[in-house]
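Residue-level listing of the chains:
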Amino acid sequence: MAGTVAPRIISTTRPTLAALTVALLLSACATTPPACLPPVVEQAPAAPEAPLVTPRMVAARDAVRSMVTLQDRLYRVAAPILINNAELCRTQARSLLGFTAKNKWSYPGEYADAAEAVLGYGDTLQVSGVLAGSGAARAGLRKGDELVAADGRPLPTGPGAETKAAAVFGPLVSKRAQLSMTIARDGNNQVLRVPVTRACAIRVDLGNADNVNSYADGSRVAVTRGMINFAQTDEAIAYVLAKDIAHNVLGHAASLRNTATIGSMIDNLTSVRPDLTLLIGTSGIRPLPADMEAAADKLALYMLARAGYPIEQYNSFWQRLASQYPSSVLNGYTAIHPNLGQRVVFNDKIVAEIRAKQAAKKRLVP
């Protein structure tokens, strides 16, 4: 029709420029996403928070560190007495491997965490001490070695591992001249052939208290922290250990019916948190009569000489102790071991007897 404008037809199948642009952008993003997405900023992982160390934990760590240091010293001083006197220990002599072992569960409560932090203990038993001169020392066992197996038998871990391991070692040691032990050191397992050693089977422990005393219950000796600090020298500590070992060998605790009472005291004092109220008075422990003291002095002097310790200052040490802590100090050594004045001359005679035997190259037996 003339003068009529033809209608504008928009095709629905033909994309507009805007639509085409969007489609192209989406297509490009589908094939090359890094060009389209915002840059990713990598964040460094948050540093783990340091564990909270409370004052109580610090105190527990200090206590464990101190106890281990003193126990190591006792073990070192006791070694030659125990190793060189199996002949004199009579029924108290046994075949031993010559080491102790602990794990974190050997310590209660917060002290287990302290043992882990200070000593590196975990669930696995670690060698805590090696008796100098023992089969374990000769085989090369070291403090810190982890105990994996004995004669191929896996050793227990976790709580109660000490007691369970003793049940494994006991029958093996009693029947063998040596034991095959698998240990872990520096992340690697190795096998050591550990000879058994005949020695005095007297356990030596630290008494965690400041009273100046020591205790012998027939099979164990506990020397208090206070006694170690008073003694000062290794030789003086050896005098205390030898005297108590002699009391055990001679069966004096049983003779006086002191075994249970002294045993309870040792159980208490060897814990990390002893009940110090039990130290009031003599704690029910009967004092030893002069004849038992003299017999223990004599055997102790022979043991000391056989172990290589000097014996000339034996009397002077006990005299110094008695002068500073007389029998009136009821939780002290002299209250349980009186009658020193009667024994001084006797002890001098024993020292002379021993020196004469050494000069004549005779066996050192009482």
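- In the annotation of an unreviewed UniProt entry, the entry for the protein chain reads M48 family metallopeptidase, and the organism field reads [Empedobacter] haloabium.

## Focus on the packing of helix α11 (residues 290-306) against helix α14 (residues 340-359)
And step 1. At a minimum axis separation of 10 Å, α11 and α14 run at an interaxial angle of 30°. One element, α11, and the other, α14, form an angle in the roughly parallel class. The handedness of the crossing between α11 and α14 comes out as right-handed. Residues Ala290, Glu293, Ala294, Asp297, Lys298, Leu301, Tyr302 and Ala305 of α11 pack against Gln342, Arg343, Phe346, Asn347, Ile350, Val351, Glu353, Ile354, Lys357 and Gln358 of α14.
And step 2. A breakdown of the residues in the contact of α11 with α14 according to their chemical character gives nine nonpolar, three polar and six charged.

## Overview of empty space enclosed by the protein
And step 1. The tally for this structure, following the rule as stated, stands at three cavities of 30 Å³ or more.
And step 2. Of the volumes computed, that of the largest cavity is approximately 120 Å³.
And step 3. If you trace the largest cavity, you find 15 residues lining it, with Ala216, Ile262, Leu288, Ile336 and His337 closest to the centre.
And step 4. For the lining of the largest cavity, the secondary structure elements donating two or more residues are β10 (214-216), α8 (234-249) and α9 (252-255).
And step 5. The residue inventory of the lining of the largest cavity, partitioned by class, reads eight nonpolar, six polar and one charged.
And step 6. Its volume calculated, the second largest cavity comes out at about 40 Å³.
And step 7. Within the residue set of the lining of the second largest cavity, elements represented by two or more residues are α12 (314-324), α13 (333-336) and α14.
And step 8. Take the lining of the second largest cavity: its biggest share by element is three residues, from α12.
And step 9. Residues of the lining of the second largest cavity, tallied by class, amount to five nonpolar, two polar and one charged.

## A short note on helix α2 (residues 55-83)
And step 1. Across its 29 residues, α2 extends 42 Å between first and last C-alpha, which sits within 8% of the 42 Å expected from 1.5 Å per residue.
And step 2. Along α2, the sharpest change in direction is near 30° and occurs at Val77; proline Pro80 comes one to four residues later.

Calculation notes
Residues numbered from 1 in each chain as written. Predicted model: local features only at pLDDT ≥ 70, side-chain atom pairs only at ≥ 80, totals over all residues. Heavy atoms only, no water. Axes fitted to C-alpha atoms, helices over the stretch in contact; angles between N-to-C directions. Helix = DSSP H or I, 4+ residues; strand = E, 2+ residues; numbered from the N terminus. Parallel < 35°, antiparallel > 145°, perpendicular 65-115°, else oblique. Left-handed = near helix turned anticlockwise from the far one by under 90°. Contact = heavy atoms within 4.5 Å. Nonpolar A, V, L, I, M, F, W, Y, C, P; charged D, E, K, R; others polar. 1 Å grid on protein atoms, 1.4 Å probe; cavity = no way out; pocket = protein on both sides within 12 Å on 5 of 7 lines; lining within 4 Å. Points joined across faces, edges and corners; volume = space filled by probe spheres on them. Expected span 1.5 Å × (residues − 1). Bend = angle between axes of the 7 residues up to and from the residue.

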